[in-house]
Amino acid sequence: MGLELAERKAPLAATELKARFQQRRQEAIDSYRRQLRPEALLAALRRAADQALRDAIRLHPLPEGATLAAVGGYGRGELYPYSDIDVLILLPHEPSPADAEKLETLVAALWDLGLDLGHSVRTIADCRREAANDITVETALMEVRWLAGDKLQLQELADIMHTQQDAQTFFQAKRAEMQQRHTRQGETPYALEPNCKESPGGLRDLMVLLWVCQAAGIGRSWSEIGKTQLLTATEYRALRRAELAFKRLRIELHLLTGRREDRLLFDLQPALAALYGFEATRTRRPSELLMQRYYWAARVVSQLNTILMQAVEEKLFPRPDDEAENIDDDFCVVHGRLDITRDDAFERKPTLLLRAFLVMQERPSLTGMSARVMRAMWHARKLIDAQFRRNPVNRYLFMQILQQPRGIVHALRRMTMLNILPRYLPEFRKIVGQMQHDLFHAYTVDQHTLRVIRNLRRFTMPEHAQEFPLASQLVADMDRHWVLYVAALYHDIAKGRGGDHSELGARDARRFCKNHNMDPADADLVEFLVRQHLTMSQYAQKRDLSDPAVIHEFAQIVQSERRLTALYLLTVADIRGTSPKVWNSWKGKLLEDLYRLALEALGGSRPDTGTVLAQRKAAAAAEIRRLGLRDESRDAFWSQLDVAYFLRHEASEIAWHTRHLYYRVNTTEPVVKARVLGQNEGLQIMVYVPDRNDLFVTICRYLGQRSLSIQDARIHTTRHGWALDSFIVLLPAHDKDYRTQASLLEHDLVQYLARPAPPEASPPRYANIRSQASRRSRVFPVVPNVELQPDENGRSWRLAIAASDRPGLLYSLAQVFEQHAINLKMAKIMTLGDRVEDVFIVEGEALEHPRTQLQFERAVLAKLDETGI
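Every value quoted in this text rests on a predicted model; they were computed, and no experiment measured them.

The rules we used
Residues numbered from 1 in each chain as written. Predicted model: local features only at pLDDT ≥ 70, side-chain atom pairs only at ≥ 80, totals over all residues. Heavy atoms only, no water. Buried < 20%, exposed > 50% of the residue type's maximum accessible area, 1.4 Å probe, protein only. Helix = DSSP H or I, 4+ residues; strand = E, 2+ residues; numbered from the N terminus. Pairing = 2+ DSSP bridges. Core = buried A, V, L, I, M, F, W, Y, C linked by side-chain atoms within 4.5 Å. Contact = heavy atoms within 4.5 Å. Salt bridge = Lys/Arg side-chain N within 4 Å of Asp/Glu carboxyl O.

**Describing the pairing of strand E9 (residues 671-677)**
Line of reasoning, step 1. Where burial is concerned, most of E9 is hidden: 6 out of the 7 residues are buried.
Line of reasoning, step 2. The pairing of E9 with strand E10 (residues 682-690) spans 7 bridges and is classified as antiparallel. Bridging across to E10, Lys673 finds its partner in Met686.
Line of reasoning, step 3. Remark: 4 residues form the turn of the hairpin made by E9 and E10, two consecutive strands paired antiparallel; Gly678 in that turn has positive phi of roughly 55 degrees.

Okay, here's the thing in structure tokens:
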């Protein structure tokens, strides 16, 4: 009878424990919402979990002699709303079958209480062995805290771990672990969706400092460390502010999502900004203001992490007090690092704040700056004021940094990290941490700018010549190529201000050039490059490069070979610096083609259509003769082609078409041919079939189902009613086997075109699921835009669209063309991350009447405005 009563009571007690735990947890969260004290919440949640664990052990006791201990962050006394509750069950010996059964019952009961448990069962010998081989285990055991059971056993473990720990080995392991983590997180605090715990400059970087300081015997908390010489009062306050800010942010992320979420995902940023009370300005979203505040805090942590890690290293690995090698009265070399001869060097001579970077560039043997230099520089950064900026010596030093043959990128990155560059250029300070919600930039404006300068610098380095052959050749022949660095520094400087950032940036660049006494010709070039830095990309990717008028128009803008070369170099560096996904070999080919065509145009008079037609036919004919084809056979095919065909295709394309079609002019069988362009730059597909209304739609559907990305389309109908269409496509990023795909296409597409089209065919669905960038496009969508204008001769129309990209978009537009009897003549597809900016040359009766034209535009806009597939 008594046993039955106990069994009935136990479930009731467990239910009460769970309810009590949830109540305490909710009370802690409610209190936090009233007071917004992050550490009070973490402590309250820890106490609620402690009590729940101890209550559970009263119901389900530990094995004899065992200890229950908190480890990791929970052991440190901090528990975030949805973090795991990490515990160690320490046993005096290997568990017997009875012990194992008790442990299983206890762990199951803890899960039933609603505790997100992370548990391990070890003996002291197990702990010693695993800690010796796993830095993660060793770190977790540094923060062990008693909860229940044998206290003496836990103290014995703590004593053994302290004795076993080697501070030097631990430091090296934690530094290596941190570097690996930074690599996984993209090596920057400025990721657009940073992890507030794991990203560089996040909470984990602060914890690494605490752990190495604890191992080195410096202190176990910031307050203890702050009492040593390792940390000044100013640094202590800065770190504590950043720590509290990150703790609150992590708490808000957990509470907002109802899960363990440490990433500032795009779809969470607007809600977080609202929680923090940020309001939109004329030019910036609340989420942008939130993220800029985050980046500023992350930069402080990164700065001080770098300084303090080096200071701990110097304490743990003392070197013989060699005599410092003096460089001059102000700087010296100590242990291979740049040091200052006096602690107050920067206060006495503020110009040293810039000269330090120049000295680093001039001495390749230096391995870095000492902690003393970085710390003194960080504390002296506020000396860079308006008077400092006006000082001719400082202006000279800054220009010298940009003109050095080495170390430019490293210097600018160090200057940014230590807050020197943002102080020296106030306009640059405005873009530090400035988000870009254009769906193709993967970095903040300041980090993108530094990447562009890095790309320009790589053009000058022999080891990168194979990657950028034309750019490397051009920059080698360019006088004073360092002016490109100035242009890169200013090309996006005005983003986030509202208005045309190219025009506003050009004004800032003109002022900079004047203040820094740049040669007038160089100053004009910098201003031109900033104002026109988007022009070459737009012409190459949106205009018909086979049209002589387009090339002449572009040549009139650049006006000189030096401007053309500089704009080409800046454009390549800029596109490659936006995102790893944006650049591809096809874009590179378009830019190179435009460069060569414009260079030719700059050397002579404007060619007329008749001259271009004759030249193109002659070049194609010469290539065909080299293939052994007779003129009569060629002319039989060419007689079916009109002038527009020859003007829209290059000589090599005309020769390729002729080679495969001259003997098939009167064939009844469809022809599909494919060839690889250059070094896997893309795949060119030729389709020769009887023309029909749904042909373009059908081809788009097929290519979409194969996950082939259309970059360019040229649509032509011969005199005898056959379609001769040409497409440039790219394979998915993971597939580079263009030759195999070419063979498959030639066979499969013929068969696909022979099938009847399914009624109301649905858009193609790609095999891949929606990516992170697609989430970004849903949170920060591009407002769809449609522009329809007649061309100069009035025979065709130019349709330009901009929208968020999505699978099947081009196919959906092709359906609209078919429904409104619009004939497509040419398409230029420009995909920028998750944004598309496409141009179509179209014809059709519907475009000649205002009412039907408006209906067509509305239909296109409706397709662009759909949420996706």
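**Focus: the nonpolar core**
Line of reasoning, step 1. Of all hydrophobic cores here, the largest spans 247 residues; its most connected members are Phe727 and Phe840.
Line of reasoning, step 2. Looking at this core element by element, the count peaks at 15 residues for helix H13 (residues 286-316).
Line of reasoning, step 3. Those residues in contact with Phe840, other than ones at most four positions away along the chain, are Trp797, Arg798, Leu799, Ile801, Leu810, Leu813, Phe817, Leu824, Met826, Ala827 and Ile829.
Line of reasoning, step 4. Listed in part, the 23 residues of the second largest apolar core include Leu613, Leu661, Val671 and Leu724.

**A word on unusual backbone geometry**
Line of reasoning, step 1. For Ser707, which is not glycine, the phi torsion reads 60 degrees and is therefore positive.
Line of reasoning, step 2. One non-glycine residue, Ala821, lies in positive phi territory at about 55 degrees.
Line of reasoning, step 3. Here Ala821 lies in the loop between helix H38 (809-819) and strand E15 (823-828).
Line of reasoning, step 4. Here Ala821 falls in the exposed class, since its relative accessible area comes to 54%.

**A look at the pattern of salt bridges**
Line of reasoning, step 1. Across all of its chains, the model carries 56 salt bridges by this definition.
Line of reasoning, step 2. Note that Lys174 and Glu177 form a salt bridge whose closest N and O atoms lie 2.5 Å from each other. Linking Lys174 with Glu177, this pair stays in helix H8 (residues 167-184), spanning 3 residues, or about one helical turn.
Line of reasoning, step 3. Classification of Lys174 by relative accessible area gives buried; the value is 2%.
Line of reasoning, step 4. On the basis of relative accessible area, Glu177 is assigned to the partly exposed category, the value being 25%.
Line of reasoning, step 5. With a closest N to O distance of 2.9 Å, Glu503 and Arg531 form a salt bridge. You can see Glu503 sitting in helix H25 (residues 501-515) and its partner Arg531 sitting in helix H26 (residues 520-531), a full 28 residues away along the chain.
Line of reasoning, step 6. Residue classification places Arg531 among the partly exposed residues on the basis of a relative accessible area of 27%.

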